[in-house]
2 protein chains.
Amino acid sequence: MIQGVATRFERIKARPAYELVAEEIEGKILAGILRPGDPIGTESELVKQFGVNRSTVREGIRLLEQSGLVARESSRRLSVAVPHYHGLATRMSRALVLQQVTFRELFHTSRALGPGSIDQAIDNRTDEDLEALDANLARTREMRHDARAVAELDAEFHRLLDGATHNRVLLLAKEPVNILVRPTTAHIIANNPSGIPRLIEAHGHLVDALRTRDREKGRLWIDRHLRDWKAGFEISGRDLDSAVEAIIGDGRGEA
Amino acid sequence: MIQGVATRFERIKARPAYELVAEEIEGKILAGILRPGDPIGTESELVKQFGVNRSTVREGIRLLEQSGLVARESSRRLSVAVPHYHGLATRMSRALVLQQVTFRELFHTSRALGPGSIDQAIDNRTDEDLEALDANLARTREMRHDARAVAELDAEFHRLLDGATHNRVLLLAKEPVNILVRPTTAHIIANNPSGIPRLIEAHGHLVDALRTRDREKGRLWIDRHLRDWKAGFEISGRDLDSAVEAIIGDGRGEA
DNA sequence: ATCTGTCCGATTGTCAGACGATTGCCGCAT
DNA sequence: ATGCGGCAATCGTCTGACAATCGGACAGAT
């Protein structure tokens with residue numbers, strides 16, 4: 001009953017037309033024939049070119065739209081876009097949440113990424129990065145009594161830190177992780193505000209390490225910072241092997 | 001004319017109905033009300049529930065389909081799916097290619113990820129992982145004169161190595177990187193087959209490190225392996241700051 | 001009893017055509 | 001040149017329809 005015969009046939013896949021439409025356009029983009037910023041035709045033009053109905057074209061466009069390859073510029077016309085990290089990373093993180101990944105996995109991943117990315121940041125940081133980090137640090141100190149604000153500033157701090165690597169691949173690798181880390185951190189800070197001074201201290205030393213390009217110091221403090229993070233999680237009374245929940249925004253609704 | 005008054009209004013965003021449809025369903029999934037495997041209703045049911053036209057429902061479904069949250073099972077009915085790494089990672093990698101990221105960025109990211117992930121693999125590897133790695137190693141030795149085959153086996157080796165971490169977050173973080181690494185590696189191996197013995201040697205030591213759970217050794221050989229990789233790239237005569245190209249499959253067409 | 005061929009309802013993929021709401025642009029008045 | 005009104009283009013949505021396909025039921029053949 002289940003495949004015992006000699007000749008095997010390939011699976012026949014009748015691709016619907018809307019997929020073909022999407023694929024066609026996608027191909028042109030990936031091949032570089034259509035470059036970011038280039039306008040895709042209007043829907044009616046596509047209708048004429050592909051010889052299918054507008055509904056079909058539209059469904060195809062939805063596919064591309066979601067993958068970020070095309071977007072409407074100035075709210076009307078479609079054009080080729082460069083998929084932006086955040087939207088994609090958001091979707092990846094969602095996948096993780098649905099798979100009920102554990103805090104343990106998240107922690108070990110952060111740990112694995114820590115030293116390498118702080119090294120990169122130390123090597124590649126610019127003065128502007130330092131400025132931004134300093135500003136963030138200052139504001140964090142100001143707001144140290146507001147756990148909610150600190151959580152947000154912490155998230156921004158790490159975003160800036162990652163940005164200082166000026167490595168887009170690394171950034172992309174970290175983004176989905178960060179999206180999961182953020183809400184967890186917020187929770188930890190809210191539950192244990194007494195950790196805030198340590199957090200600020202760590203941030204301070206990290207900025208210092210970047211300023212003086214001191215790898216040793218950078219690694220040391222990143223490590224401490226992560227340990228504190230884990231400790232905070234444990235203090236908040238949760239199990240390392242419990243699934244991370246995440247408040248994941250939609251990824252569509254930003255400016 | 002532009003916001004000067006006391007009362008601030010929130011930006012009014014007239015989201016198209018098809019987005020709202022997608023969002024609604026997505027919300028139910030992310031909230032756990034709809035679990036993977038659950039059937040989404042038929043289109044007509046959704047039409048009745050949402051009170052919009054079928055075309056609109058369909059456009060919404062396309063969005064979800066692309067993000068991987070729903071899929072057609074048995075080629076017909078739609079049901080909730082768990083987005084799988086590969087499709088998402090493929091899209092992310094595409095984004096990177098379109099942004100013309102450089103080999104340098106890719107290399108430094110691999111370097112940053114290396115030690116942490118080998119540590120994880122050493123800690124979490126199972127006997128099955130070792131078996132699979134051994135088998136891969138054996139086949140690589142067999143095929144050592146076929147550069148193309150070695151490239152493929154190398155890709156599999158690293159996939160197995162990553163899998164041995166049993167850390168889904170780490171896996172997800174690495175996947176988009178790996179997708180970019182793979183074609184580059186294939187190119188390097190093809191251009192410089194004399195590096196194959198070193199590659200095999202490194203793989204052997206890495207498996208060894210996993211077997212004996214020897215972190216020191218693991219880190220050492222991962223580092224060498226990566227250096228060789230970079231060296232191979234330079235020998236092939238390309239500039240570290242040239243953009244990586246990638247042969248990126250479609251991400252839709254797998255079984 | 002198992003297999004094959006056929007039929008039917010349900011559902012999807014695709015199409016034709018239409019309408020209101022925005023948006024961009026162009027010409028006109030200032 | 002600048003600002004404004006008006007027009008055409010385009011999008012979002014809807015109505016209604018039809019063919020192809022799938023799932024399953026049912027009857028006939030081996």
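Just so we're clear, the structure is a prediction, and the values are computed from it rather than from any experiment. In this numbering scheme, every chain counts its residues from 1 along its sequence in written order. As a convention, the first chain written is A and the first ligand written is 1, with the rest following in written order. With pLDDT at 70 or above as the cut-off, local features in this predicted model cover only qualifying residues; side-chain atom pairs require 80 or more to be listed or tallied, and sums for whole chains, interfaces and linings still use all residues. The side-chain values count all of the structure's non-hydrogen atoms but skip hydrogen atoms and water molecules.

Novice: Lay out the relation of the copies chain A and chain B with the relevant residues and their values.
Specialist: Its rotation angle being 180°, the transformation that places chain A on chain B also includes 0.2 Å of axial translation and leaves an RMSD of 0.4 Å. Seen this way, the second copy is the image of the first under a two-fold rotation axis. Contacts are assigned to residue pairs with any non-hydrogen atoms lying within 4.5 Å of each other. Comparing interface residues between copies, 100% of those in chain A also sit at the interface in chain B, which points to an isologous, same-surface contact. Copy-to-copy superposition: least squares on the C-alpha atoms, limited to residues that have pLDDT of at least 70 in both copies.

Novice: Let's hear about the environment of Asp162 of chain A: which residues, and what values?
Specialist: Residues and elements named next belong to chain A. Comment: elements are numbered from the N terminus, with helices defined as DSSP H or I runs of at least four residues and strands as E runs of at least two. For Asp162, the location among the structural elements is in helix H7 (residues 147–163). Between buried and exposed lies partly exposed: a residue is buried under 20% and exposed over 50% of the maximum accessible area for its type, with that area taken using a 1.4 Å probe on protein chains only. Assessed through its relative accessible area of 7%, Asp162 is described here as buried. Leaving out residues up to four positions away in the same chain, Asp162 has contacts with Leu171, Lys174 and Asn178.

Novice: Let's hear about the interface of chain A and chain B: which residues, and what values?
Specialist: Across the boundary between the two partners, chain A contributes 52 residues, which contact 52 residues of chain B. Both sides of the chain A and chain B interface together cover about 5200 Å² of buried area, and 62% of this is carbon and sulfur. For this analysis, a salt bridge means a side-chain nitrogen from Lys or Arg found within 4 Å of a carboxyl oxygen belonging to Asp or Glu. At the boundary of chain A with chain B, the tally comes to seven salt bridges. Think of a polar contact as two N or O atoms within 3.5 Å of one another; within protein, one of them needs to be a possible hydrogen donor and the other a possible acceptor, and neighboring residues in sequence only count if both atoms come from side chains. Along the contact surface separating chain A from chain B lie 16 residue pairs in polar contact (both at pLDDT 80 or more). Breaking the side of chain A that touches chain B down by element, the ones donating at least two residues are helix H1 (17–30), helix H3 (54–67), helix H4 (85–98), helix H5 (103–124) and helix H8 (168–191) of chain A. Buried area: the sum, over both parts, of the accessible surface (1.4 Å probe) that disappears when the two are put together.

Novice: Residue-level account of H5 of chain A, with values.
Specialist: Residues and elements named next belong to chain A. Compared with an ideal rise of 1.5 Å per residue, which puts 22 residues at 32 Å, H5 spans 30 Å between its outermost C-alpha atoms and is within 8% of the ideal. For a residue, the bend is simply the angle between two axes, fitted respectively to the seven-residue segment ending there and the seven-residue segment starting there. Bending of H5 peaks at approximately 35° at the position of Gly114, with proline Pro115 no more than four residues after it. Across the 22 residues that make up H5, a large majority, 16, are buried. Each residue after the first adds 1.5 Å to the expected span of a helix.

Novice: I'd love a proper account of the packing of aromatic side chains, names of residues and values included.
Specialist: Two rings from Phe, Tyr or Trp (for Trp, the six-membered ring) form a pair when their centres are within 6.5 Å of each other. A pair whose planes differ by under 30 degrees is stacked, one over 60 is edge-to-face, and the rest are tilted. Evaluation of the coordinates by the stated rule reveals eight aromatic pairs over all chains. Each ring, one from Phe103 of chain B and one from Phe233 of chain B, has its centre 3.6 Å from the other, and the planes form 5°; the classification is stacked. Of this pair, Phe103 of chain B sits in helix H5 (residues 103–124) while Phe233 of chain B sits in helix H10 (residues 215–235), and the two are 130 residues apart along the sequence. A relative accessible area of 0% means that Phe103 of chain B is categorised as buried. For Phe233 of chain B, a relative accessible area of 2% translates into the label buried. In this analysis the charged atom, NZ for Lys or CZ for Arg, is taken to sit over a ring once it is within 6 Å of the ring centre and within 35 degrees of the ring normal. Lying over the aromatic face of Trp221 of chain A, Arg224 of chain A brings its terminal NZ or CZ to 4.5 Å of the ring centre.

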